[in-house]
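Chain by chain, the residues run as shown.
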Amino acid sequence: MSLLFALPFLASAAGDKKVKCETTTNQLEYYYGLASCSTFDGHFLSEYVSKSYSQWYTIIQDKYDNGSWKNYRCSSNLPNSAYETISNESCQYTPKASINRHYVEESYDSRTDTTYYAAGVIVAQFTFSDRDGEIQKVEKWVNGQSTTKSHVDITSASEVKLKVTDNDGNVTETSTTVYPPMMQTCSRGGQLILCEGNF
């Protein structure tokens, strides 16, 4: 098999969708109120705090003292507390299934930075993954015929299908019709170009 060159627009992908989502709620305590305290050298600091998830709060303030600004800090407990409701969503994800198509490289001309691809053949490559688990079962077909290959050479218009099942029982299917190029295909700098004429 010759080298494979992947063109990004030649792909059919499905899956990686949220399913079986559950929402849980929890009560989270927070603290608020007027915090006040004195620094070690006797400066009184105060600040109103609307919400803090820690009861112990440090006040930091700049004060103009004896011709210059100085930074002071001290800590105290916030006097009040309340609760807020926090919602969390937990979901499973369907597996991702993709059928990528690649032209088959015949040659490369370094003088013109032109890659030549074979006419009449294209490669269908099967890829799959699962972001929150493992793939347990993989099924692949070409024109209804089962295959275990990771990629297959396509020499005539063919229906290619991929079905994957993850460890949570979630299933993703994708299919596409793959057409081999009727004539030689060329690219330069990753862009398709006409193969005929002078380069």
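This structure is a prediction, so every number in the text was calculated from the model and none was measured.

### Describing the state of the cysteines
Part 1 of the argument: Overall, the coordinates contain three disulfides when judged by the stated rule.
Part 2 of the argument: Bridging Cys 21 to Cys 91, the disulfide has an S-S length of 2.0 Å. Handedness here is read from the sign of the S-S torsion; for Cys 21 and Cys 91, about 115 degrees, the answer is right-handed. One end of the pair, Cys 21, is in strand β2 (residues 18-38); the other, Cys 91, is in strand β6 (residues 80-93), and 70 residues separate them in sequence.
Part 3 of the argument: Across the disulfide from Cys 37 sits Cys 74; the S-S distance is 1.9 Å.

### Describing the nonpolar core
Part 1 of the argument: Within the largest apolar cluster, 14 residues are counted, with the highest numbers of intra-cluster contacts made by Ala 124, Ile 154 and Val 160.
Part 2 of the argument: Only β7 (96-109), β8 (114-129), β11 (151-154) and β12 (158-166) provide two or more residues apiece to this core.
Part 3 of the argument: Among the elements that take part in this core, β8 stands out by supplying four residues, more than any other.
Part 4 of the argument: Residue contacts for Ile 154: discarding those within four places in its chain leaves Gly 120, Val 121, Ile 122, Ala 124, Val 142, Val 160, Val 178 and Pro 180.
Part 5 of the argument: Ala 35, Cys 37, Val 49 and Ile 59 belong to the second largest nonpolar core, which has 10 residues in total.

### Examining the sheet that holds strand β9 (residues 135-142)
Part 1 of the argument: The strand order across the open sheet built from four strands is β10-β9-β12-β13, with neighbouring strands paired in antiparallel fashion. In this open sheet, the two strands that pair with only one neighbour each are β10 (145-147) and β13 (171-178). For this sheet, the mean angle separating the axes of adjacent strands, direction not counted, is 25 degrees.
Part 2 of the argument: Relative to β13, β12 is paired through eight bridges, and the arrangement is antiparallel. From the neighbouring strand, Glu 159 faces β13, where its bridge partner is Thr 177.

### Topic: the pairing of strand β5 (residues 68-77)
Part 1 of the argument: Taken together, the 10 bridges between strand β4 (residues 56-65) and β5 define a ladder with antiparallel strand orientation. Among the inter-strand pairings, Tyr 57 is bridged to a residue of β5, identified as Ser 76.
Part 2 of the argument: Taken together, β4 and the strand that follows it, β5, pair antiparallel across an intervening segment of two residues, in which Asn 66 is found at a positive phi of about 55 degrees.

### What about the sheet that holds β2?
Part 1 of the argument: Spatially, three strands are ordered β3-β2-β6 in an open sheet, and the strand pairing comes out antiparallel. Every other strand in the sheet has two partners, leaving β3 (44-52) and β6 as the edge strands with one partner each. With strand direction ignored, the average angle separating the axes of adjacent strands in the sheet is 20 degrees.
Part 2 of the argument: Looking at chain direction, β2 and β6 are connected through 13 bridges and run antiparallel.

### Comments concerning the packing of aromatic side chains
Each aromatic ring pair is described using two quantities: the centre-to-centre distance and the angle formed by the ring planes.
Part 1 of the argument: Scanning the model with the defined rule gives three aromatic pairs in all.
Part 2 of the argument: With a centroid separation of 6.2 Å and 45 degrees between ring planes, the pair formed by Tyr 30 and Tyr 32 is classed as tilted.
Part 3 of the argument: A relative accessible area of 26% places Tyr 32 in the partly exposed class.
Part 4 of the argument: One Lys or Arg, Lys 51, reaches over the ring of Tyr 30 and ends 5.0 Å from the middle of that ring.
Part 5 of the argument: Directly above the ring of Tyr 93 sits Arg 131, whose terminal nitrogen or CZ lies 4.0 Å from the centroid.

The rules behind these values
- Residue positions are counted from 1 within each chain, in the order its sequence is given.
- Reporting in this predicted model follows two pLDDT cut-offs: at least 70 for local features of residues, and 80 or more for side-chain atom pairs to be given and counted; totals over whole chains, interfaces and linings ignore these cut-offs and use all residues.
- Hydrogens and waters are ignored; side-chain quantities use all the structure's heavy atoms.
- Pairs of cysteine sulfur atoms within 2.5 Å are what we label disulfides.
- In this description a helix means any DSSP run of H or I spanning at least four residues, a strand means any run of E spanning at least two, and both kinds are numbered starting from the N terminus.
- Buried Ala, Val, Leu, Ile, Met, Phe, Trp, Tyr and Cys residues that are joined via side-chain atoms within 4.5 Å together make up what is termed a nonpolar core.
- Burial classes: relative accessible area under 20% of the type maximum marks a residue as buried, over 50% as exposed, and values in between as partly exposed (1.4 Å probe, protein chains only).
- The contact criterion used throughout is that any non-hydrogen atoms of two residues lie within 4.5 Å.
- Strands are treated as partners if at least two bridges between them are detected by DSSP.
- Axes here refer to lines fitted to C-alpha atoms; in helices the fit is confined to the stretch in contact. Angles between the N-to-C directions go from 0 to 180 degrees.
- The rule is short: rings of Phe, Tyr and Trp, with Trp giving its six-membered ring, pair when the centres are within 6.5 Å, and they are stacked under 30 degrees, edge-to-face over 60, tilted in between.
- Definition used: whenever NZ (Lys) or CZ (Arg) falls within 6 Å of the ring centre and also within 35 degrees of the ring normal, the charge is taken to sit over that ring.

By themselves, these are just geometric observations and shouldn't be taken as functional.
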